[in-house]
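# A look at the structure
Residue-level listing of the chains:
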Amino acid sequence: MNRRKFLTILGSAGVVSALGTAKVAEASVHTFPYYDDSYGVLHDTTRCIGCRRCEAACNEVNHLRKPAKPFSDLSVTDTRRRTSAYEWTVVNKYEMNGKPVFRKLQCFHCNDPACASACFAKCFQKLPDGTVAYDGSQCVGCRYCMVACPFYVPGFQYDEAFDPLVQKCTFCEPRLKEGKLPGCVEACPVDALTFGRRSDLIKVARARIADNPGKYVNYIYGEFDAGGTAWMVLAPAAEGAPVPPDDPTMASPDLKQLGLDTHLGNRPMGELTYGALGAVPMIVAFWPVLFGGAYAMTKRREAMSKLEQDKMSKEAREDVAAAVDAAVRKIEETEGEGAAERARRAMTEALKAREAEAACSKHGEDK
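Residues numbered from 1 in each chain as written. Predicted model: local features only at pLDDT ≥ 70, side-chain atom pairs only at ≥ 80, totals over all residues. Heavy atoms only, no water.

### Observations regarding the sheet that holds strand β8 (residues 193–197)
Ordered by their spatial adjacency, 3 strands build an open sheet running β8-β1-β9, and the pairing between neighbours is mixed. Only two strands of the sheet have a single partner each, and these edge strands are β8 and β9 (231–234). Neighbour to neighbour, the strand axes of the sheet diverge by 25 degrees on average, direction disregarded. Two strands pair when backbone bridges link them, and strand β1 (residues 39–44) and β8 are joined in this way by 5 bridges, in the antiparallel orientation. Bridged to His43 within β8 is Leu193. (Pairing = 2+ DSSP bridges. Helix = DSSP H or I, 4+ residues; strand = E, 2+ residues; numbered from the N terminus. Axes fitted to C-alpha atoms, helices over the stretch in contact; angles between N-to-C directions.)

Structural data, given as structure tokens:
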């Protein structure tokens, strides 16, 4: 493949890719189907006691690997843990106004999930019941979903050599189909987790805020954040502080103490990832052309360089042979035929020794 042919193919690939990107742009804002009757969970952190029973239930229901420390060991909540491929929900302890407050972390099951928009293999899907489901049968292990998730939730099975998958909370979707509660919700002994229709949970949260002035931050985290999530959080307000307006920038000091990101905005994260990653399949399709062409050009340059070196070596050998012949003739004229023959043998042997030394030196460099 010559340079012109390679660049022609590459240019054609660029045009097709550009057209694909343009079509994505023309498609306007990409959003996943949002279902008004979808389910959700309201996590009231003022009620959570950090017992870790939700963790134990999640582990049992989903048949996950047992942790190094038992669920009865509550000291692990002192460490700011994140979810992983084998821990789909964790409870952490935070200090707010000098008092311990516990918060459960898991997949937020976004209304418009960034993981789904980032996955070109279409492994993630937003379901009518509110679940963001994952099907690993087509997963290529690119982990774009992990990069795209604003909550850093998905975990990857790095220890699985043959078929590693991305793992996260499933919202206990198989249990929902059977009419059961998610395992963590069912296990909570203090009603810190309330399951129901998302629209109803928002009403419940607003009623709690209105009925308990000064107890809660006047903000339902997840109602609008990152385009809205199925899992929402109520946070305690600073003791004696006035209730802030329903604005994350005003409520952020208290929310930040609970490790909640208040800078995600109300725009669905899927809108930010879909346009940029929409061209990924096109890139994946043409990368063999790119690197194959580059490899072909490199091999061609190497072949041409070798031919040039061989030509130069041949010319040098011819020049040396001509010089030897001229010297031998001169010796023959002055010293006789015998002396000339001895001189030819000596020069030939010297040249062979020099070539052998050069070949040995080159072989050592190649190693």
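So, next bit.
### Describing the pattern of salt bridges
Applying the stated criterion across every chain yields a total of 13 salt bridges. The salt bridge partner of Arg208 is Asp44, with a shortest N-O separation of 2.9 Å. You can see Arg208 sitting in helix α7 (residues 198–211) and its partner Asp44 sitting in strand β1, a full 164 residues away along the chain. A single burial state applies to Arg208 and to Asp44, both of which are buried. Across the pair Arg52 and Glu55 runs a salt bridge, and its minimum N-O distance is 3.0 Å. Residue classification places Arg52 among the buried residues on the basis of a relative accessible area of 2%. In the salt-bridge network here, residues are joined through shared partners; they are Arg52, Glu55, Arg81 and Glu87. (Salt bridge = Lys/Arg side-chain N within 4 Å of Asp/Glu carboxyl O. Buried < 20%, exposed > 50% of the residue type's maximum accessible area, 1.4 Å probe, protein only.)

### Thoughts on the pairing of β9
Here β9 shows no split at all, with Trp231 and Val233 on one side and Met232 and Leu234 on the other all buried. Relative to β9, β1 runs parallel, the two sharing 4 bridges. Residue pairing across strands places Val41 opposite Trp231, the latter belonging to β9.

### Points about a negative patch on the surface
A cluster of acidic side chains, namely Glu308, Glu315, Glu318 and Asp319, defines a negative patch on the protein surface. Residue placement: Glu315 occurs in helix α10 (residues 280–335). (Patch = residues over 30% accessible without salt bridge, like charges linked within 9 Å, V, L, I, M, F, W, Y side chains within 5 Å. Areas by Shrake-Rupley, 256 points an atom, 1.4 Å probe, with all protein chains shown as cover. Lys, Arg positive; Asp, Glu negative; His and termini not counted. Charge placed at Lys NZ, Arg CZ, Asp CG, Glu CD.)

### What about the environment of Asp112?
Among the secondary structure elements, Asp112 is positioned in the loop between β3 (99–105) and α3 (114–118). The spacing of Asp112 and Phe32 is 80 residues in sequence and 5.3 Å in space, taken between C-alpha atoms.

### Observations concerning unusual backbone geometry
Located in the positive-phi region is His109, a residue other than glycine, with phi close to 50 degrees. As for its position among the elements, His109 is in the loop between β3 and α3. Take His109: its relative accessible area is 0%, and that puts it in the buried class. Look at Phe171: it is not a glycine, yet its phi comes out positive at around 65 degrees. In this fold, Phe171 is placed in the loop between β7 (166–167) and α5 (173–177). With a relative accessible area of 1%, Phe171 lands in the buried category.

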